[in-house]
Amino acid sequence: MEWSLESVREMVAGGMQSIRECEICAFAIAMCVLLLFMWYCYRVGREHGSSPLRGRYLAGPGRIGGVVGGFMSSDCRGRGKGKHGSMLEEQNGFAFCQSSECFRCTSAGESLNQRLYHSLQDYAKRYTWSGMGRVHKGVRDQGRYLNSRPTIQRPEVFFLPDLPSAPFFSREVQRHDVELLEQSFPALLAEFESIYHQPPARSGSSLPPGWKANSTPRGQWWTYYLVNQGTPLVLNVRRCPRAWRVLGQLRTFIANNVFGNACFSVLTPGALITEHYGPTNVRLRCHLGLRVPSSCELVVGGEPQCWSEGSCLLFDDSFLHRAFHEGGAEDGPRVVFMVDLWHPNVAAAERQALDYIFTPGRLEDKEGNQGKEFPTQISILHWVSPVDSPKVPSTTSTDGGTC
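Residues numbered from 1 in each chain as written. Predicted model: local features only at pLDDT ≥ 70, side-chain atom pairs only at ≥ 80, totals over all residues. Heavy atoms only, no water.

Caption draft 1: The arrangement of the nonpolar core in detail. Counting 37 residues, the largest nonpolar core has Leu-181, Trp-211, Leu-247, Phe-264 and Phe-337 as its most contacted members. Elements with a contribution of two residues or more to this core: helix H6 (175-183), helix H7 (185-196), strand E5 (221-228), helix H9 (241-249), strand E7 (262-267), strand E9 (283-291), strand E12 (312-315) and strand E14 (334-342). Take this core: its biggest share by element is five residues, from H7. (Core = buried A, V, L, I, M, F, W, Y, C linked by side-chain atoms within 4.5 Å. Buried < 20%, exposed > 50% of the residue type's maximum accessible area, 1.4 Å probe, protein only. Helix = DSSP H or I, 4+ residues; strand = E, 2+ residues; numbered from the N terminus.)

Structure follows, in structure tokens:
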């Protein structure tokens, strides 16, 4: 290569042009990064300042105050009868609960969302934010979670993110409580017989005292609640001392918030419980088979399972599920003892926070009581006596039914 003044001049000019082009590329990249950062700040600010915290998401079908697939949920039906008289409306053969006393039938929207977040803030001020990451995330983004869930799993009230999901769970995940329930099978069966074969509660009724009839498209579905939405039913508890003692010995029974229930559940031959979702994914529903004829089946998330007498079946009822009894009259009813247990992956700190947030009555907003203190539900363990008759509260309790 021959060097000359002209060649040097050309090299310098080419270098200057390359520098100018690099400056333009660098400027363009910097502008793109700046625009992306501004968009990110906008999204974060929008999420924290609107829908979840301030409750601006709208309730969709199957949310609080709504009904999934024409079916009312199994924790509250029958609670619609109170001081204002009957509050059940019949539509297409199904009962729709409109009770202000039922948590799952509370109207959705701004007030409930705000109260959820305020309750979490109040809990954190009293105790700690440590371990509250998932709970905070769930409360903050609840609207997005509920509305974006796949149709196979869509809890109606509260979704806790990052929990392992499956329609059915192995008995090993709650081994202590499952074994305790199965060991109590003879006592629970005997107690069921004693309350099931009582004379009707009143003339014109076919049900013994304490039993409630649920709306089904065909057949009969009856339930006898000991605990309904976290509230013990005193009269029913007094008739079932052994079952009450068993509940007090369970380690993971949800005793102190609205997602906890315990009952005897009866399906007569030909009965069908239509597809529906449970209120939350933080619990596992446990069925102990007491009487299980053939042709009875539970389908959760499209997976069928059969009960068996003396054995427990654990499932996540936030998945779409249904049950049926296709046997004949000679087969008799299908009977299970149902209890709600904590999901094994909900940590102890999260359970305590959820008990605080969803304590019965805490989220009610009646007569301007929002933000006031509500009494915390006394632990069921404190009501269990070592003697034959359990120690029950002397005050009366709403005779809640089913849902």
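Let's pick the thread back up.
Caption draft 2: Spotlight on the environment of Val-292. As for its position among the elements, Val-292 is in the loop between E9 and strand E10 (296-300). The exposure class assigned to Val-292 is buried, which follows from its relative accessible area of 17%. With 15 residues separating them in the primary sequence, Val-292 and Trp-307 have C-alpha atoms 6.4 Å apart.

Caption draft 3: How the structure looks around the sheet that holds strand E11 (residues 303-305). Strands sit in the order E8-E13-E10-E11 across an open sheet of four strands; the sheet is antiparallel. Looking at the sheet topology across the chains shown, the edges are occupied by strand E8 (272-276) and E11. Across the sheet, the axes of successive neighbouring strands diverge by a mean angle of 15°, strand direction being ignored. As defined by bridge partners, E10 adjoins E11 across three bridges and the pair is classed as antiparallel. In the strand pairing of E11, Val-299 is matched with Pro-304. (Pairing = 2+ DSSP bridges. Axes fitted to C-alpha atoms, helices over the stretch in contact; angles between N-to-C directions.)

Caption draft 4: Local environment of a nonpolar patch on the surface. Residues Phe-27, Met-31, Leu-34, Leu-35, Phe-37, Met-38, Trp-39, Tyr-40 and Tyr-42 make up a contiguous nonpolar surface patch of about 1,100 Å² in total accessible area. Here Trp-39 lies in helix H1 (residues 5-49). (Patch = residues over 30% accessible without salt bridge, like charges linked within 9 Å, V, L, I, M, F, W, Y side chains within 5 Å. Areas by Shrake-Rupley, 256 points an atom, 1.4 Å probe, with all protein chains shown as cover. Salt bridge = Lys/Arg side-chain N within 4 Å of Asp/Glu carboxyl O.)

Caption draft 5: Region of interest: the packing of H6 against H7. Two elements in contact, H6 and H7, have axes whose closest approach is 5 Å; the angle formed by their N-to-C orientations is 55°. Considering their axes alone, H6 and H7 lie oblique with respect to each other. Here Leu-181, Glu-182 and Gln-183 of H6 lie close against H7, whose contacting residues are Phe-185, Pro-186 and Leu-188. In terms of residue class, the contact of H6 with H7 is built from four nonpolar, one polar and one charged. (Parallel < 35°, antiparallel > 145°, perpendicular 65-115°, else oblique. Contact = heavy atoms within 4.5 Å. Nonpolar A, V, L, I, M, F, W, Y, C, P; charged D, E, K, R; others polar.)

Caption draft 6: Examining the pattern of salt bridges more closely. By the definition in use, this model includes 13 salt bridges. Linking Arg-171 and Glu-182 is a salt bridge whose minimum nitrogen-to-oxygen distance equals 2.5 Å. In this pair, Arg-171 sits in the loop between strand E3 (168-169) and H6 while Glu-182 sits in helix H6, placing the two residues eleven residues apart along the sequence. Given a relative accessible area of 32%, Arg-171 falls into the partly exposed group. For Glu-179, the salt bridge is made with Arg-175, and the minimal N-O distance between the two is 3.0 Å. In this pair, Glu-179 and Arg-175 are both assigned in helix H6, four residues apart and thus about one turn of the helix distant. Salt bridges sharing partners connect three or more residues here, namely Arg-283, Arg-285, Asp-317 and Asp-340.

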